[in-house]
Amino acid sequence: QVQLLESGGGLVQAGGSLNLSCAASGGTFSSYVMGWFRQAPGKEREFVAAISRRGFSTYYADSVKGRFTISRDNTKNTVYLQMNSLKPEDTAVYSCATKRGPTTSYYVVGVYDYWGQGTQVTVSS
């Protein structure tokens, strides 16, 4: 069983920045692909970013490419999401997720094994 705890959400003005963290416990962190997803009110959960097990490969949704950066520290069992140039449409609950072993379907909600509770990000205009 893997537990995930997100932090770093909050209220920020458009154009501002936030850095989300997701701390994992209960498993072998370096063996997991890590992903960030978000869900806005009335919308389905959508892929934001993912990072390979050793951090050599990163993947982004087109809507955040160039503004968000995903990274991980396997010594701290933590994955990060640096969000810059935030827009009101980035407002959502952001959740991290783990996938044991490799995958090419990093953008698919259903391939992930464990999920955190999420952290609210609100961007005001």
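The structure presented is a predicted model; accordingly, all values stated were derived computationally and were not measured. (Residues numbered from 1 in each chain as written. Predicted model: local features only at pLDDT ≥ 70, side-chain atom pairs only at ≥ 80, totals over all residues. Heavy atoms only, no water.)

Some remarks on the state of the cysteines
Here is step 1 of the chain: Inspection of the entire model under this criterion finds one disulfide.
Here is step 2 of the chain: At a sulfur-sulfur separation of 1.9 Å, the disulfide partner of cysteine 22 is cysteine 96. Taking the torsion about the sulfur-sulfur bond, which here is approximately 55°, the covalent link between cysteine 22 and cysteine 96 counts as right-handed. Here cysteine 96 lies in strand β9 (residues 92-100) and cysteine 22 lies in strand β3 (residues 18-25), a separation of 74 residues in the sequence. As far as burial versus exposure is concerned, cysteine 22 and cysteine 96 are alike and both buried. (Disulfide = S-S within 2.5 Å. Helix = DSSP H or I, 4+ residues; strand = E, 2+ residues; numbered from the N terminus. Buried < 20%, exposed > 50% of the residue type's maximum accessible area, 1.4 Å probe, protein only.)

Concerning the pattern of salt bridges
Here is step 1 of the chain: Following the criterion strictly, the structure yields five salt bridges and no others.
Here is step 2 of the chain: Residues arginine 38 and aspartate 90 are paired through a salt bridge, measuring 2.9 Å at the closest nitrogen-oxygen approach. Of this pair, arginine 38 sits in strand β4 (residues 32-39) while aspartate 90 sits in the loop between β8 (78-83) and β9, placing them 52 residues apart in sequence.
Here is step 3 of the chain: Residue classification places arginine 38 among the buried residues on the basis of a relative accessible area of 6%.
Here is step 4 of the chain: Take aspartate 90: its relative accessible area is 0%, and that puts it in the buried class. (Salt bridge = Lys/Arg side-chain N within 4 Å of Asp/Glu carboxyl O.)

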